[in-house]
Amino acid sequence: MFRVSLLLACLVSVTVAGCSRSQVESSSPSPTQAQTTAEPLSPEEKQKVDTLLSQGNQKIADGKYEAAITTYNEALAIDQTNSEALGNRGLARSRLKDYQGALADYDQALTLDDQAHGVYYNRGLLQTHLENYEKAVADFTQAIKYKPDYAHAIGNRGFAYAELENYTAAIKDLEKAAQLFKERGNKQTAYRLQRTARYILP
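Only a predicted model underlies this, so the values are computations on that prediction, with no experimental measurement involved. (Residues numbered from 1 in each chain as written. Predicted model: local features only at pLDDT ≥ 70, side-chain atom pairs only at ≥ 80, totals over all residues. Heavy atoms only, no water.)

Chemist: Help me understand the side chain of E84 in this model?
Modeler: Secondary-structure assignment places E84 in helix α5 (residues 83–95). Since its relative accessible area comes to 2%, E84 is described here as buried. A polar contact of 3.4 Å, which involves the side chain of E84, links it to the side chain of N57. (Helix = DSSP H or I, 4+ residues; strand = E, 2+ residues; numbered from the N terminus. Buried < 20%, exposed > 50% of the residue type's maximum accessible area, 1.4 Å probe, protein only. Polar contact = N/O pair within 3.5 Å; in protein donor to acceptor, adjacent residues only side chain to side chain.)

Chemist: What am I meant to see in unusual backbone geometry here?
Modeler: For residues that are not glycine, phi is negative in most cases, and the peptide bond is trans in most cases. Located in the positive-phi region is K97, a residue other than glycine, with phi close to 65°. Tracing the backbone through its elements, the reader meets K97 in the loop between α5 and α6 (99–112). Notably, E131 is not glycine yet its phi reads approximately 65°, a positive angle. In this fold, E131 is placed in the loop between α7 (117–129) and α8 (133–146).

Chemist: What is the right way to read the packing of aromatic side chains from this model?
Modeler: Remark: the centre distance and the inter-plane angle together describe each pair of aromatic rings, the angle taken between the planes. For the structure on display, the rule yields three aromatic pairs. Arranged with centres 5.1 Å apart and planes meeting at 35°, the rings of Y121 and Y150 form a pair that is tilted. In this pair, Y121 is assigned in helix α7 and Y150 in the loop between α8 and α9 (151–163), connecting sequence segments 29 residues apart. Comparing Y121 with Y150 shows no difference in burial state: the two are buried. The ring of Y150 carries K147 above its face, with NZ or CZ at 4.7 Å from the centroid. (Phe/Tyr/Trp six-rings, centres within 6.5 Å; stacked < 30°, edge-to-face > 60°. Lys NZ or Arg CZ within 6 Å of the ring centre and 35° of its normal.)

Chemist: Would you explain α5 in this entry?
Modeler: Within an α-helix, residues lying three or four positions from one another point in the same direction, as the helix has 3.6 residues per turn. For α5, with 13 residues, the first-to-last C-alpha span of 19 Å sits near the 18 Å given by 1.5 Å per residue. Within α5, twelve of the 13 residues are buried, which leaves it mostly tucked inside the rest of the structure. Among the residues of α5, S83, E84, A85, L86, G87, N88, R89, G90, L91, A92, R93 and S94 are the ones counted as buried. With a side-chain oxygen lying 3.2 Å from the backbone nitrogen of E84, the N-terminal cap of α5 falls on N82. Directly after α5, the chain includes K97, whose backbone phi takes a positive value near 65°. (Expected span 1.5 Å × (residues − 1).)

Chemist: Explanation requested: α7 in the structure shown.
Modeler: With 13 residues, α7 should cover 18 Å at 1.5 Å per step; its first-to-last C-alpha distance of 19 Å lies within 8% of that length. By the criterion of burial, α7 is predominantly enclosed, with eleven of the 13 residues buried. Looking only at α7, the buried set comprises G118, V119, Y120, Y121, N122, R123, G124, L125, L126, Q127 and T128. Once α7 finishes, E131 follows within two positions and takes phi at roughly 65°, a positive value.

Chemist: How should the packing of α7 against α8 be read in this particular structure?
Modeler: The axes of two packed helices give the description: the angle between them and the distance between them. Running from N to C, α7 and α8 point in directions that differ by 160°, and their axes come no closer than 8 Å. What the angle tells us is that α7 and α8 run roughly antiparallel. In this structure, the crossing between α7 and α8 has a hand that is left-handed. Contact with α7, carried on its side by H117, Y120, Y121, R123, G124, L125, Q127 and T128, involves Y133, K135, A136, D139, F140, Q142, A143 and Y146 of α8 and no other residues of that element. Here the contact of α7 with α8 is composed, by residue class, of eight nonpolar, five polar and three charged. (Axes fitted to C-alpha atoms, helices over the stretch in contact; angles between N-to-C directions. Parallel < 35°, antiparallel > 145°, perpendicular 65-115°, else oblique. Left-handed = near helix turned anticlockwise from the far one by under 90°. Contact = heavy atoms within 4.5 Å. Nonpolar A, V, L, I, M, F, W, Y, C, P; charged D, E, K, R; others polar.)

Chemist: Explain the environment of Y106 here, please?
Modeler: Inspection of the secondary structure assignment puts Y106 in helix α6. Looking at Y106, the relative accessible area reads 1%, which means it is buried. When the C-alpha positions of Y106 and A116 are compared, they lie 9.9 Å apart, and in sequence the two are ten residues distant. Aside from chain neighbours lying at most four places away, what touches Y106 is G87, G90, L91, S94, V119, N122, R123 and L126.

Chemist: In this structure, what is going on with the pattern of salt bridges? I would like to understand it.
Modeler: Opposite charge on two side chains makes pairing possible when the charged atoms of those side chains draw close. Summed over the entire model, instances satisfying the criterion amount to eight salt bridges. The salt bridge partner of D105 is R93, with a shortest N-O separation of 3.0 Å. With D105 in helix α6 and R93 in helix α5, this pair connects stretches of sequence that are twelve residues apart. With a relative accessible area of 2%, D105 lands in the buried category. Through salt bridges with shared partners, a single ionic network connects R89, R93, D98 and D105. (Salt bridge = Lys/Arg side-chain N within 4 Å of Asp/Glu carboxyl O.)

Structure follows, in C-alpha coordinates:
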(Lines give C-alpha, C1' and ligand atoms only; values in the text may rest on other atoms or scores of the structure.)
Protein backbone atom coordinates (compact mmCIF):
# COMPACT_ATOMS: atom_id res chain seq x y z
CA MET A 1 0.00 0.00 0.00
CA PHE A 2 1.26 3.46 -0.88
CA ARG A 3 2.64 5.38 2.07
CA VAL A 4 3.06 9.14 1.66
CA SER A 5 5.47 9.16 4.58
CA LEU A 6 7.97 7.10 2.57
CA LEU A 7 8.15 9.74 -0.13
CA LEU A 8 8.28 12.37 2.57
CA ALA A 9 11.40 10.71 3.93
CA CYS A 10 12.93 10.92 0.47
CA LEU A 11 12.27 14.64 0.17
CA VAL A 12 13.52 15.33 3.67
CA SER A 13 16.76 13.48 2.96
CA VAL A 14 17.31 15.66 -0.12
CA THR A 15 16.73 18.69 2.04
CA VAL A 16 18.88 18.07 5.09
CA ALA A 17 21.24 15.13 4.60
CA GLY A 18 24.90 16.03 4.20
CA CYS A 19 24.19 19.72 4.52
CA SER A 20 26.87 22.24 3.76
CA ARG A 21 27.74 25.13 6.01
CA SER A 22 25.60 27.47 3.91
CA GLN A 23 22.60 25.17 4.31
CA VAL A 24 23.04 25.08 8.05
CA GLU A 25 23.11 28.85 8.15
CA SER A 26 20.01 29.12 5.93
CA SER A 27 18.10 26.94 8.40
CA SER A 28 18.60 29.36 11.25
CA PRO A 29 18.49 33.07 12.01
CA SER A 30 21.28 35.28 10.78
CA PRO A 31 23.80 36.30 13.45
CA THR A 32 23.06 39.91 12.52
CA GLN A 33 19.41 39.69 13.58
CA ALA A 34 18.36 41.54 16.69
CA GLN A 35 18.94 39.61 19.89
CA THR A 36 17.83 40.50 23.38
CA THR A 37 20.51 40.23 26.05
CA ALA A 38 20.66 41.39 29.64
CA GLU A 39 23.81 43.34 28.83
CA PRO A 40 25.22 44.23 25.42
CA LEU A 41 28.07 42.01 24.28
CA SER A 42 31.48 43.56 24.00
CA PRO A 43 33.08 43.52 20.54
CA GLU A 44 35.38 40.74 21.74
CA GLU A 45 32.46 38.66 23.01
CA LYS A 46 30.52 39.16 19.79
CA GLN A 47 33.52 38.09 17.74
CA LYS A 48 33.96 35.01 19.93
CA VAL A 49 30.29 34.05 19.55
CA ASP A 50 30.43 34.53 15.77
CA THR A 51 33.53 32.33 15.60
CA LEU A 52 31.88 29.62 17.69
CA LEU A 53 28.76 29.73 15.51
CA SER A 54 30.85 29.25 12.37
CA GLN A 55 32.71 26.37 14.00
CA GLY A 56 29.47 24.75 15.15
CA ASN A 57 27.92 25.08 11.70
CA GLN A 58 30.95 23.46 10.10
CA LYS A 59 30.78 20.59 12.58
CA ILE A 60 27.15 19.98 11.62
CA ALA A 61 28.18 20.00 7.95
CA ASP A 62 30.84 17.42 8.82
CA GLY A 63 28.36 15.24 10.71
CA LYS A 64 30.02 15.87 14.08
CA TYR A 65 26.81 16.57 15.95
CA GLU A 66 27.98 16.04 19.53
CA ALA A 67 30.96 18.32 18.92
CA ALA A 68 28.62 20.89 17.36
CA ILE A 69 26.42 20.86 20.46
CA THR A 70 29.46 21.46 22.67
CA THR A 71 30.46 24.41 20.50
CA TYR A 72 26.97 25.93 20.55
CA ASN A 73 26.93 25.49 24.33
CA GLU A 74 30.10 27.58 24.49
CA ALA A 75 28.43 30.29 22.41
CA LEU A 76 25.34 30.22 24.64
CA ALA A 77 27.49 30.53 27.74
CA ILE A 78 28.49 33.95 26.40
CA ASP A 79 25.14 34.93 24.87
CA GLN A 80 22.26 32.96 26.40
CA THR A 81 19.72 34.49 24.01
CA ASN A 82 21.49 33.75 20.75
CA SER A 83 18.71 32.38 18.55
CA GLU A 84 21.08 31.02 15.90
CA ALA A 85 22.99 28.94 18.43
CA LEU A 86 19.72 27.59 19.84
CA GLY A 87 18.25 26.81 16.43
CA ASN A 88 21.33 25.01 15.17
CA ARG A 89 21.85 23.18 18.46
CA GLY A 90 18.30 21.95 17.99
CA LEU A 91 19.24 20.70 14.52
CA ALA A 92 22.26 18.85 15.92
CA ARG A 93 20.15 17.32 18.69
CA SER A 94 17.57 16.23 16.14
CA ARG A 95 20.27 14.47 14.11
CA LEU A 96 21.23 12.61 17.31
CA LYS A 97 17.55 11.65 17.83
CA ASP A 98 17.27 13.80 20.96
CA TYR A 99 13.89 14.97 19.76
CA GLN A 100 12.65 16.51 23.00
CA GLY A 101 15.89 18.45 23.39
CA ALA A 102 15.61 19.61 19.78
CA LEU A 103 12.02 20.76 20.27
CA ALA A 104 13.01 22.70 23.39
CA ASP A 105 15.78 24.47 21.45
CA TYR A 106 13.52 25.25 18.49
CA ASP A 107 10.81 26.59 20.80
CA GLN A 108 13.26 28.84 22.62
CA ALA A 109 14.84 30.05 19.38
CA LEU A 110 11.42 31.03 18.04
CA THR A 111 10.59 32.83 21.26
CA LEU A 112 13.63 35.00 20.56
CA ASP A 113 13.05 35.35 16.81
CA ASP A 114 9.50 34.56 15.73
CA GLN A 115 10.28 35.15 12.04
CA ALA A 116 13.03 32.52 11.72
CA HIS A 117 11.66 30.58 8.76
CA GLY A 118 14.44 27.98 8.90
CA VAL A 119 13.67 27.09 12.50
CA TYR A 120 9.97 26.72 11.74
CA TYR A 121 10.93 24.44 8.86
CA ASN A 122 13.25 22.27 10.95
CA ARG A 123 10.65 22.01 13.71
CA GLY A 124 8.10 21.04 11.07
CA LEU A 125 10.37 18.24 9.89
CA LEU A 126 10.71 17.03 13.45
CA GLN A 127 6.95 17.15 14.03
CA THR A 128 6.51 15.11 10.85
CA HIS A 129 8.98 12.52 12.13
CA LEU A 130 6.96 12.34 15.35
CA GLU A 131 3.78 11.98 13.25
CA ASN A 132 2.36 15.23 14.65
CA TYR A 133 1.10 16.23 11.21
CA GLU A 134 -1.17 19.09 12.25
CA LYS A 135 1.71 20.72 14.12
CA ALA A 136 3.96 20.07 11.13
CA VAL A 137 1.50 21.83 8.82
CA ALA A 138 1.39 24.79 11.21
CA ASP A 139 5.18 25.06 11.29
CA PHE A 140 5.62 24.71 7.53
CA THR A 141 2.90 27.35 7.08
CA GLN A 142 4.84 29.76 9.30
CA ALA A 143 8.02 29.06 7.36
CA ILE A 144 6.20 29.80 4.10
CA LYS A 145 4.69 32.97 5.57
CA TYR A 146 8.16 34.44 6.05
CA LYS A 147 9.63 32.87 2.88
CA PRO A 148 6.83 32.45 0.30
CA ASP A 149 9.00 30.61 -2.26
CA TYR A 150 10.30 28.07 0.28
CA ALA A 151 10.00 25.00 -1.95
CA HIS A 152 11.10 22.49 0.68
CA ALA A 153 8.55 23.76 3.18
CA ILE A 154 5.77 23.81 0.59
CA GLY A 155 6.55 20.26 -0.55
CA ASN A 156 6.80 18.86 2.96
CA ARG A 157 3.57 20.61 3.95
CA GLY A 158 1.97 18.86 0.99
CA PHE A 159 3.06 15.48 2.35
CA ALA A 160 1.82 16.39 5.82
CA TYR A 161 -1.55 17.39 4.35
CA ALA A 162 -1.70 14.02 2.59
CA GLU A 163 -1.11 12.22 5.88
CA LEU A 164 -4.07 14.20 7.25
CA GLU A 165 -6.09 13.10 4.19
CA ASN A 166 -6.51 16.69 3.02
CA TYR A 167 -5.72 15.67 -0.54
CA THR A 168 -6.85 18.89 -2.22
CA ALA A 169 -4.38 20.95 -0.16
CA ALA A 170 -1.72 18.27 -0.57
CA ILE A 171 -1.92 18.26 -4.36
CA LYS A 172 -1.84 22.06 -4.50
CA ASP A 173 1.33 22.20 -2.39
CA LEU A 174 3.05 19.32 -4.18
CA GLU A 175 2.41 20.85 -7.59
CA LYS A 176 3.57 24.29 -6.47
CA ALA A 177 6.74 22.88 -4.91
CA ALA A 178 7.40 20.83 -8.06
CA GLN A 179 7.21 23.98 -10.17
CA LEU A 180 9.61 25.82 -7.86
CA PHE A 181 12.11 22.95 -7.94
CA LYS A 182 11.83 22.75 -11.74
CA GLU A 183 12.53 26.46 -12.07
CA ARG A 184 15.67 25.97 -9.98
CA GLY A 185 16.93 23.10 -12.08
CA ASN A 186 16.15 20.32 -9.60
CA LYS A 187 14.26 18.15 -12.07
CA GLN A 188 14.54 14.94 -10.04
CA THR A 189 12.74 16.35 -7.01
CA ALA A 190 10.23 18.14 -9.25
CA TYR A 191 9.41 14.87 -11.01
CA ARG A 192 9.01 13.03 -7.69
CA LEU A 193 6.59 15.65 -6.41
CA GLN A 194 4.58 15.73 -9.65
CA ARG A 195 4.33 11.95 -9.66
CA THR A 196 3.11 11.92 -6.08
CA ALA A 197 0.52 14.61 -6.80
CA ARG A 198 -0.83 12.57 -9.71
CA TYR A 199 -0.91 9.40 -7.61
CA ILE A 200 -3.04 10.89 -4.83
CA LEU A 201 -5.56 12.58 -7.13
CA PRO A 202 -9.01 11.71 -5.70
